[in-house]
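The lines below spell out each chain.
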Amino acid sequence: MFLLEDAREHAKMYARPCGCPRTPCHRRNMFNIAHIELFYIAQAIGAIYASDEQQALDAARRQAMREMESSTSKDVLVKPTRRIVKAIRWTEYLLTPELDSSPTLSFKTLTKATATRLKRAHRAQVQAVGRLLR
Ligand SMILES: [Zn+2]
């Protein structure tokens, strides 16, 4: 229960990002760091309290990783390294915070079936864990 209570408090504390237009904004950076932490806490909570959804998502992530790493496509898109100016919530990371912004892995190399599977499994896990964090 400690994990859940702690996570709920954390989620409540960082429910809203700073709305100011400044870039960089220290408070927005803190929000993003807090949500990267929340992402990992959410995976742990999923493993304990929503194991079906978490297992389905973990399997979809592994499949996506395999496809991206074994891609022989010569025109693998390198995503531009954008400065993080916007607020990103834990619910927005499909793989992990690090991998989602990795310039060497591209979601464009996924088959449509795997991309759909990943998005569906992600949505189900976010709903199941998100419910527990309210
Ligand atoms: Zn601000």
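Predicted model, so just to flag it, every value in this text is computed and none were measured. (Residues numbered from 1 in each chain as written. Predicted model: local features only at pLDDT ≥ 70, side-chain atom pairs only at ≥ 80, totals over all residues.)

To continue, consider the packing of helix H1 (residues 2-13) against helix H2 (residues 26-49). Running from N to C, H1 and H2 cross one another at 150 degrees; their axes reach a closest spacing of 11 Å. Viewed along their axes, H1 and H2 adopt a mutual orientation that is roughly antiparallel. Considering the relative orientation of H1 and H2, their crossing is left-handed. Counting all contacts with H1, which are made through Leu3, Leu4, Ala7, His10 and Ala11, the residues of H2 involved are Ala34, Leu38, Ile41, Ala44 and Ile45. (Axes fitted to C-alpha atoms, helices over the stretch in contact; angles between N-to-C directions. Helix = DSSP H or I, 4+ residues; strand = E, 2+ residues; numbered from the N terminus. Parallel < 35°, antiparallel > 145°, perpendicular 65-115°, else oblique. Left-handed = near helix turned anticlockwise from the far one by under 90°. Contact = placed C-beta atoms within 7 Å.)

Let us look at the nonpolar core. Of all hydrophobic cores here, the largest spans eight residues; its members are Ala11, Leu38, Ala42, Ile45, Ala50, Trp90, Tyr93 and Val129. Top element by residues in this core is H2. It accounts for three residues. Counting seven residues, the second-largest nonpolar core is a separate cluster that includes Leu57, Ala60, Ala64 and Leu105. (Core = buried A, V, L, I, M, F, W, Y, C linked by C-beta atoms within 7 Å. Buried ≥ 20, exposed ≤ 12 C-beta atoms within 10 Å, placed from the backbone.)

A pair of packed helices is captured by two measures, namely the crossing angle of their axes and the spacing between those axes. The contact between helix H3 (residues 51-69) and helix H5 (residues 112-132) brings their axes to 8 Å, and the two run at 150 degrees. Our classification of the angle between H3 and H5 gives roughly antiparallel. For H3 against H5, the interelement crossing comes out left-handed. Facing Glu53, Gln54, Ala56, Leu57, Ala60, Arg61, Gln63, Ala64 and Glu67 of H3, the residues of H5 in contact are Thr114, Arg117, Leu118, Ala121, His122, Ala124, Gln125 and Ala128. Of the residues assigned to the contact of H3 with H5, the class counts are eight nonpolar, five polar and four charged. (Nonpolar A, V, L, I, M, F, W, Y, C, P; charged D, E, K, R; others polar.)

For the chain, the average pLDDT comes to 88, and 88% of its residues sit at 70 or higher. Element-level pLDDT for the chain is lowest in helix H4 (residues 97-100), with a mean of 88, against a maximum mean of 96 in H5. (pLDDT = per-residue confidence, 0-100.)

With that settled, the discussion passes to H5. For H5, with 21 residues, the first-to-last C-alpha span of 30 Å sits near the 30 Å given by 1.5 Å per residue. Of all the positions in H5, only Leu118, Ala121, His122, Gln125 and Val129 are classed as buried. Down the axis of H5, the buried set is contained in an arc of 110 degrees. They therefore lie on one face. Away from its buried face, by an angle of more than 90 degrees, H5 presents the exposed residues Lys112, Ala113, Thr116, Lys119, Gln127 and Arg131. (Expected span 1.5 Å × (residues − 1). Arc of directions from axis to C-beta.)

The next subject is H1. Over its twelve residues, H1 runs 16 Å from end to end, which matches the ideal 16 Å to within 8%, given 1.5 Å per residue. Burial analysis of H1 places just one of its twelve residues in the buried class, which makes it a mostly uncovered element.

On to the environment of Ala34, then. Tracing the chain through its elements places Ala34 in helix H2. Residue class for Ala34 comes out partly exposed when judged on the 17 C-beta atoms lying within 10 Å of it. Excluding anything up to four places from it in sequence, Ala34 contacts His10 and Tyr14.

Following Thr23, the chain continues to Pro24 via a peptide bond in cis, the omega torsion being -5 degrees. Along the chain, Pro24 turns up in the loop between H1 and H2.

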